[in-house]
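Report on the structure
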Amino acid sequence: MIYFDNAATTLPKSKKALRAYKKAFQSCGNASRGGHPYAAHASELLYLCRERLAERFGTEPERVVLTMNATHAINLAIKGIIREGDVLISDLEHNAVYRPLYALEKQGCIRIRSFHVNIGDDEATVQNFQNALDENVRACVMLHASNICGRVLPLPALSEAAKQAGVPLICDASQTAGHFDLRLRELPGLTALCMPGHKGLYGPLGTGALLVSPYFEGVLETLLEGGSGSFSADPEMPALLPERLEAGTMNAPAFAALAAAVAEDGQTGKKEEQIFSYLLSGLRATSGVTLYGAPTREGMPYCPILLFNIDGKDSETVAAALAEADVCVRAGLHCSPLAHRALGTPDGGAVRISLSKHNTFGEAERFLAILSRQITR
């Protein structure tokens, strides 16, 4: 089986994470719900996860809110920070960003506006962003890298522009957390970083995090209210993070697993980059293949994701045929209709392949051979 669907979730997961989960599953009480050893152990494991995420992504453990996934984190950030006015997004956004904002727009709270990401030119992208940052913009929300073509946005320059404009910037790092070096302390214009635990960090499904900048001085509004294990006499959620945004029982075993996974070095390595280049060259050399949003020159910052179609065949048909040949890919719109529109794919979307550190050159060679057979059928 060739697994090329790592942008959805990486496989296989960290073995250390699995061992940590099993151990915690049988030893955790309910964190912050009692002074006995089992409850204390759960609290310690949750704090360990916060500590490791804070160290890796440049903030403080108390500013790490543990979530169900990146979408949960993005909703917490958007609805916790944004109140009114225009909100600026890129034209490559995932529905995890667009739908929460659309819900606010329907309520009459905000207006969504977008700027164009120039796939081949970072300077043009930054200029487009700056041109859109007028006095009506009250917040910016954008992905760090596209989930369909892998293009990484120039986040340092974009966050600096947001800082100069005096507006908060929320970043969806779903495709880059774990693959790229990201540190909130080094990006003072970045207000919040949202990520899943199950992709580039190789942790379990059902985990994620909202990391709040150490420079942020505001108070986030709540999305959920309930038990927090502290300040129980107060009818409102605690004012302090992370308790303010963590209502209810936390999944301590899953976050123990995530803590173990974060401790491993999962950044994109040379082999992964080389396999990506090999596949890119192979797809370009294959007659009847159309690529979307792929690198146009060496050295452009990309996640190892490629988007393509076979001429004359819809993406779902191609993906189904690849699945029959034991190749796991994803077809369609990938929850990103805005990005597909910007990249000019057909109505049915396109086929996506995405790599992890576990993929091999042998798998890439087999994939290209299988794809060529699909084209000649």
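Our subject is the structure that appears above.
Below is a summary of the structure that appears in this document. Bear in mind the structure is a predicted one, so any value in this text is a computation, not a measurement. (Residues numbered from 1 in each chain as written. Predicted model: local features only at pLDDT ≥ 70, side-chain atom pairs only at ≥ 80, totals over all residues. Heavy atoms only, no water.)

**Some points on the overall build of the protein**
Broken down by element type, the protein carries 11 helices and 13 strands. Computed over its C-alpha atoms, the radius of gyration of the protein comes to 21 Å, within 12% of the 21 Å expected for a compact globule of 377 residues. Considered along the principal axes of its C-alpha atoms, the protein spans approximately 70 × 55 × 35 Å. The buried share of the protein, taken over its 377 residues, is 55%. Across the protein, the fraction of contacts at a sequence separation of at least 24, relative to all contacts at a separation of at least 6, is 70%. (Helix = DSSP H or I, 4+ residues; strand = E, 2+ residues; numbered from the N terminus. Rg over C-alpha atoms; globule rule 2.2 N^0.38 Å. Buried < 20%, exposed > 50% of the residue type's maximum accessible area, 1.4 Å probe, protein only. Contact = heavy atoms within 4.5 Å.)

**Some words on helix α2 (residues 37-57)**
Counted at 1.5 Å a residue, the expected span for α2 with its 21 residues is 30 Å, and the 30 Å between its end C-alpha atoms agrees. Those residues of α2 lying buried are A39, A42, L45, L46, C49, R50, L53, A54, R56 and F57. Those residues of α2 that are buried are in contact with α1 (15-25), β2 (64-67), β7 (192-196), β8 (208-212) and α7 (252-262). Trailing α2 by a residue or two, G58 shows a phi angle of about 75°, which is positive. (Expected span 1.5 Å × (residues − 1).)

**So, unusual backbone geometry**
Of note, the amide linkage connecting L11 to P12 takes the cis form, showing an omega dihedral of -5°. Mapped onto the elements of the fold, P12 is located in the loop between β1 (2-3) and α1. For the bond from L241 to P242, the omega torsion is 0°, close enough to zero to count as cis. Looking at the secondary structure, you find P242 in the loop between β8 and α7. Backbone geometry at H334 places phi at a positive 55°, although glycine is not the residue there. Within the secondary structure, H334 is located in the loop between β12 (330-332) and α10 (337-343).

**Remarks on the environment of G178**
You can see G178 is positioned in the loop between β6 (169-172) and β7. In this structure, the C-alpha to C-alpha distance between G178 and A261, residues 83 residues apart in sequence, is 9.9 Å.

**Observations regarding the packing of aromatic side chains**
What the rule picks out here adds up to 7 aromatic pairs. Ring centres 6.0 Å apart and planes at 75° place the aromatic pair Y278 and F361 in the edge-to-face group. Of the two residues, Y278 is situated in helix α8 (residues 270-285) and F361 in helix α11 (residues 361-376); the sequence distance between them amounts to 83 residues. On the accessibility criterion, Y278 (32% relative accessible area) is partly exposed. The lysine or arginine in question, K357, covers the ring of Y202, its NZ or CZ lying 4.4 Å from the ring centre. (Phe/Tyr/Trp six-rings, centres within 6.5 Å; stacked < 30°, edge-to-face > 60°. Lys NZ or Arg CZ within 6 Å of the ring centre and 35° of its normal.)

**Things to note about the sheet that holds β12**
Ordered by their spatial adjacency, 4 strands build an open sheet running β9-β10-β13-β12, and the pairing between neighbours is antiparallel. On the outer flanks of this sheet lie β9 (289-291) and β12, each paired with one strand and no other. Within this sheet the neighbouring strands show an average axis-to-axis angle of 35°, counted without direction. Those strands touched by α8 are β9, β10 (305-310) and β13 (350-354), and its axis lies near 15° from that of β10. Contacts between helix α9 (residues 315-324) and the sheet are confined to β10, β12 and β13, with β12 contributing the most and set at about 160° to the helix. (Pairing = 2+ DSSP bridges. Axes fitted to C-alpha atoms, helices over the stretch in contact; angles between N-to-C directions.)

**A look at the nonpolar core**
L53, F129, L193, L279 and F367 are the most contacted members of the largest nonpolar core, which totals 82 residues. The greatest single-element share of this core, amounting to 6 residues, is contributed by α2. In this structure L193 touches F57, C171, A173, L182, L184, A209, L210 and L211, once residues within four positions along its chain are discounted. In terms of nonpolar packing, the next biggest core, distinct from the first, is built from 28 residues, L101, I170, V212 and L220 among them. (Core = buried A, V, L, I, M, F, W, Y, C linked by side-chain atoms within 4.5 Å.)

**Overview of the pairing of β2**
Covered by surrounding structure in β2 are V64 and L66 together with V65 and T67, the residues of both alternating faces. Of the strand pairs in this sheet, β2 and β8 are connected by 4 bridges, and their pairing is antiparallel. Residue L66 lies in a different strand from β8, and its bridge partner there is A209.

**Some points on the pattern of salt bridges**
As enumerated under the stated definition, the model contains 10 salt bridges in all. Residue D5 pairs with R352 through a salt bridge whose shortest N-O separation is 3.3 Å. One end of the pair, D5, is in the loop between β1 and α1; the other, R352, is in strand β13, with 347 residues separating them in the sequence. Comparing D5 with R352, the two get one shared label, buried. For the salt bridge of R63 with E60, the shortest nitrogen-to-oxygen distance reads 3.1 Å. The exposure class of R63 is buried, given its relative accessible area of 18%. Residue classification places E60 among the partly exposed positions, given a relative accessible area of 31%. (Salt bridge = Lys/Arg side-chain N within 4 Å of Asp/Glu carboxyl O.)

**Focus: the pairing of strand β3 (residues 85-90)**
Of all 6 residues making up β3, 5 are buried, and the element is well covered by its neighbours. Sheet analysis places β3 next to strand β4 (residues 110-115), joined by 6 bridges and oriented parallel. Paired with L88 across the strands is R113, a residue of β4. Traced from β3 through helix α4 (residues 95-106) to β4, the parallel crossover comes out right-handed. Sheet analysis places β3 next to strand β5 (residues 137-143), joined by 3 bridges and oriented parallel. The partner of V87 across the bridge, within β5, is A139. (Right-handed = clockwise from strand over helix to strand, strands pointing away.)

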